Amino acid sequence: MAHRARELTAGRGVDRVVDTAGTLEQSLKAVAVDGHIALVGSLSGNWPPIDPRLLFGAAATVRALAVGSRAQFIAMNNVITAHRLRPVLDRTFSFEQAAAAYGYYATAGPFGKVIIKIR
């Protein structure tokens, strides 16, 4: 993972990593200096020790995110269904307009979801 991220960015590393598998060591190796890592969880529940040199070398922000349990997810979806909640949609772009969609989103002007339609 880290090798491929470095390869795709000419050695620079990626700005943001969302680590949902508990592979913090690989994430630290893949992230650019001063990047951000969102640590969501671990597939195994085991957390191996991390070499502090990786933390210093990355100079990245590592933030643990709590996403809730499966039971909480089901309860949330039941509330959404019961109250017929729908997201606010701002604008839809075709897949061919993906670059424009990201540019539009980056302006911080949208109020609601910016959608890229695949089909």
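Being a predicted model, the structure only gives us computed values, none of them experimental. (Residues numbered from 1 in each chain as written. Predicted model: local features only at pLDDT ≥ 70, side-chain atom pairs only at ≥ 80, totals over all residues. Heavy atoms only, no water.)

With that settled, consider the overall build of the chain. Within the chain one finds five helices and five strands. Along the chain, helices and strands appear, N-terminal first, in the series α-β-α-β-α-β-α-β-α-β. In terms of overall size, the chain is more extended than a compact globule, its C-alpha atoms giving a radius of gyration of 18 Å where 119 residues would be expected to give roughly 14 Å. For the C-alpha atoms alone, the extent of the chain along its principal axes is close to 50 × 40 × 25 Å. Relative to its 119 residues, the chain shows a buried fraction of 20%. Summed over its atoms, the accessible surface of the chain is roughly 9,100 Å², and 60% of this surface lies on carbon and sulfur atoms. Here the chain carries 14 positive and 8 negative side-chain charges, and the mean point of each set is 10 Å from the other. (Helix = DSSP H or I, 4+ residues; strand = E, 2+ residues; numbered from the N terminus. Rg over C-alpha atoms; globule rule 2.2 N^0.38 Å. Buried < 20%, exposed > 50% of the residue type's maximum accessible area, 1.4 Å probe, protein only. Areas by Shrake-Rupley, 256 points an atom, 1.4 Å probe, with all protein chains shown as cover. Lys, Arg positive; Asp, Glu negative; His and termini not counted. Charge placed at Lys NZ, Arg CZ, Asp CG, Glu CD.)

Overall, the coordinates contain one aromatic pair when judged by the stated rule. Between F93 and Y104, the aromatic rings sit 5.9 Å apart at their centres with planes inclined by 50°, giving tilted as the arrangement. Here F93 is found in strand β4 (residues 89-94), whereas its partner Y104 is found in helix α5 (residues 98-106), with 11 residues between them in sequence. On the accessibility criterion, Y104 (23% relative accessible area) is partly exposed. The side chain of R91 reaches across the aromatic face of Y104, ending 5.1 Å from its centre. (Phe/Tyr/Trp six-rings, centres within 6.5 Å; stacked < 30°, edge-to-face > 60°. Lys NZ or Arg CZ within 6 Å of the ring centre and 35° of its normal.)

Compared with an ideal rise of 1.5 Å per residue, which puts 13 residues at 18 Å, helix α4 (residues 70-82) spans 18 Å between its outermost C-alpha atoms and is within 8% of the ideal. Following α4 by one or two positions, R84 adopts a phi angle in the positive range, close to 50°. (Expected span 1.5 Å × (residues − 1).)

A word on the pattern of salt bridges. Evaluation of the coordinates by the stated rule reveals four salt bridges. The salt bridge involving E7 is made with R4; its shortest N-O contact spans 2.3 Å. One end of the pair is E7 and the other is R4, both in helix α1 (residues 2-8) and three residues apart, which spans about a single turn. Among the ionic pairs, K29 bridges to E25, the shortest N-O distance being 3.2 Å. (Salt bridge = Lys/Arg side-chain N within 4 Å of Asp/Glu carboxyl O.)

Below, the discussion takes up the pairing of strand β1 (residues 14-19). Across five bridges, β1 lies against strand β2 (residues 31-39) in parallel orientation. Counted as the bridge partner of V17 is I37 from β2. The β-α-β motif built from β1, the intervening helix α2 (residues 24-30) and the parallel element β2 has right-handed crossover chirality. (Pairing = 2+ DSSP bridges. Right-handed = clockwise from strand over helix to strand, strands pointing away.)

Of all residues in the chain, 99% attain a pLDDT of 70 or more, and the chain-wide mean is 91. Of all helices and strands in the chain, the one with the weakest mean pLDDT is helix α3 (residues 52-58) (90), whereas α4 scores best (96). (pLDDT = per-residue confidence, 0-100.)

Moving on: the sheet that holds β2. Spatial ordering of the open sheet is given by β1-β2-β3, a layout of three strands whose pairing is parallel. Where the open sheet ends on each side, the last strands, each with one partner, are β1 and β3 (61-64). Within the sheet, the average angular offset between the axes of one strand and its neighbour, ignoring direction, is 10°. (Axes fitted to C-alpha atoms, helices over the stretch in contact; angles between N-to-C directions.)

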